[in-house]
Amino acid sequence: MAVIAGSGPGPPPVVNVLTGALAGAARVLQRNLLVYRRTWRGSLFGSFLTPLLYLTAMGIGLSQLMASGGTDMLGGVRYLDFLGPGILASSCMQTASFESTYPIMGKISWRHNYDAILATPMEVHHLLIGELSWIAFRMTSMATVFMVVLTLFGIPRSPLALLAIPAAVLTGVAFAAPIIAFAATRHNDSGFAALFRFVINPLFLFSGTFFPVSTLPDTVEWIAAATPLYHGVALVRGAVLDSMPATWPLHVAYLIVFVAATGYVAYRLLRRRLVK
C-alpha cells in the first residue's frame, strides 16, 4: 500500500471531539452576539444603573442607620463595603437566571431556533456550551461594569479585586446550567415565576448578600451554605475586600463541580427534548 509523503496519524479522537464542540459552541455564541449588537446599549446602562441604585439607597442609607451598632458583625468593614460585593454576586445570579429561562424557552418552543440549528451539523452539546458561553460573556460585561461602580464608591481594597469578576461569572454560570435544565422540561413559562419567587429571591435575601449567614439559625445556615450563591458571595467579597477566606479552594471546587454536574443534566434533558 502506498504511503503519501508527509502523511501520518491524525490528532487523537478526543482532540477532534473537543475541537468540534468548541467550534460549534462558538457559532452559537456568535449568533447571540449578533443579536446583542442591537441591545447592548440598554443592557450596559442597566448594568451600571442597578449597582448605583443599590449602593446609594441601601449601602449609604442603611449604613447610616447601622453606624451606631458597630461593624464587628461584618468583620470590621463598613456596611457599604460588605454590601457591594454581595450585590455583585447576587446580580450575576439574577441576570443569569433570567437569561436561562424565557430566552431558552423561546428558542425551544416559541421561535424554534434550536430546531433550525439542529437541522445543520450542529448538535445539542454545541447548543449548551454556546449558551453557557454567552451567559458567561454577559456576566463578564456586567461584572466589569459593576466593578467600575464599586471603585467609584472606593470599595475595592487592592488589585486582587479583579479576581471578583471571574468569581462572579462562575457564580452566574452555576445558576445558568441547572435553570437551563429546568427550562428544557417546561412546555410553557408557568414554572418560571415560581422559580424566581421561591428559589432566586430567597437566595438573594439569605445567602450572605445583606448580612452574614452566621447570624441565621443553624439549619438555615446549612441550607444557605449548600447553594452556589453562598460560595460566590464568599469569593467575590474576599477578592474585593482583600480578605480571601482560607477555604477559597473549596468554594471554587464546589462551583466547578456544581456547573459540571448540572451541565450534564442540562445536556441530557435538552437532548431528550430536542432530538426526536
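Anything mentioned here points back to the structure above.
The rules behind these values
Going along each chain's sequence as written, the residues are numbered from 1 onward. Given that the model is predicted, a residue must reach a pLDDT of at least 70 before its local features are reported, and side-chain atom pairs must reach 80 or more before they are shown or counted; all residues, however, enter totals for whole chains, interfaces and linings. The basis for every side-chain value is the complete set of heavy atoms in the structure, and neither hydrogens nor water enter the calculation. Helix and strand assignments follow DSSP, with helices taken as H or I runs no shorter than four residues and strands as E runs no shorter than two, numbered in order from the N terminus. Only protein chains enter the area calculation, which uses a 1.4 Å probe; residues under 20% of their type maximum are buried, those over 50% are exposed, and those in between are partly exposed. Residues count as neighbours in contact if any of their non-hydrogen atoms are within 4.5 Å of one another. Accessible surface area values rest on a Shrake-Rupley calculation with a 1.4 Å probe, where residue burial reflects the displayed protein chains alone. Lines fitted to C-alpha atoms define the axes, with helix axes restricted to the stretch in contact, and inter-axis angles between N-to-C directions lie between 0 and 180 degrees. Just so you know how the angles are binned, under 35 degrees is roughly parallel, over 145 roughly antiparallel, 65 to 115 roughly perpendicular, and the rest oblique. Crossings are sorted by hand: turned counterclockwise from the far helix by less than a right angle, the near helix makes the crossing left-handed, and turned clockwise it makes it right-handed. Basic side-chain nitrogens of Lys or Arg form a salt bridge, by our definition, when they fall within 4 Å of a carboxyl oxygen of Asp or Glu. When residues are grouped by polarity, Ala, Val, Leu, Ile, Met, Phe, Trp, Tyr, Cys and Pro land in nonpolar, Asp, Glu, Lys and Arg in charged, and all others, Gly among them, in polar. The term nonpolar core refers to a set of buried residues drawn from Ala, Val, Leu, Ile, Met, Phe, Trp, Tyr and Cys, joined through side-chain atoms within 4.5 Å.

Points about the overall build of the protein
- In terms of helices and strands, the protein carries eleven helices and zero strands.
- Tracing the protein from N to C terminus, the helices and strands come up as α-α-α-α-α-α-α-α-α-α-α.
- Sorting the 276 residues of the protein into buried and exposed places 44% on the buried side.
- Intrachain contacts of the protein at a sequence separation of at least 6 include 79% that bridge at least 24 residues.
- Accessible area of the protein: about 14,100 Å², with a carbon and sulfur share of 69%.

Points about the packing of helix H3 (residues 79-99) against helix H6 (residues 124-152)
- Packing of H3 against H6 brings their axes to within 10 Å, and their N-to-C directions diverge by 155°. Here H3 lies roughly antiparallel to H6, going by the angle between them. Taken as a pair, H3 and H6 cross one another with a handedness that is right-handed. Of H6, the residues touching H3 (which contributes Gly84, Ile87, Leu88, Ser91, Cys92, Thr95, Ala96 and Glu99) are Trp134, Ile135, Arg138, Met139, Met142, Ala143, Phe146, Met147 and Leu150.

Some remarks on the pattern of salt bridges
- For the structure shown, the criterion picks out four salt bridges.
- Across the pair arginine 78 and aspartate 81 runs a salt bridge whose closest N-O atoms are separated by 2.6 Å.
- Taking the relative accessible area as the measure of exposure, arginine 78 reaches 42% and is therefore partly exposed.
- Given the relative accessible area of 4%, aspartate 81 is considered buried.
- Here glutamate 99 makes a salt bridge to arginine 138, at a shortest N to O gap of 3.3 Å. Taken together, the residues span a long stretch of sequence, with glutamate 99 in helix H3 and arginine 138 in helix H6 at a distance of 39 residues. Each member of the pair, glutamate 99 together with arginine 138, is buried.
- Three or more residues joined by partner-sharing salt bridges are found here, namely Arg78, Asp81 and Arg157.

Let's talk about the packing of H6 against helix H7 (residues 164-183)
- Look at H6 against H7: their axes get within 8 Å of each other, and the N-to-C directions meet at 140°. In this structure, the crossing between H6 and H7 has a hand that is right-handed. Across the interface between the two elements, Leu128, Glu131, Leu132, Ile135, Ala136, Met139, Thr140, Ala143, Thr144 and Met147 from H6 touch Ala164, Ile165, Ala168, Val169, Gly172, Val173, Ala176, Ala177 and Ile180 from H7.
- Here the residues of the contact of H6 with H7 are counted per class, giving 15 nonpolar, three polar and one charged.

Some remarks on the nonpolar core
- Within the largest apolar cluster, 72 residues are counted, with the highest numbers of intra-cluster contacts made by Leu88, Met147, Ile180, Val236, Val240 and Leu270.
- When sequence neighbours within four positions are dropped, the list of residues in contact with leucine 270 reads Ile108, Val124, Leu128, Ile180, Ala184 and Val275.

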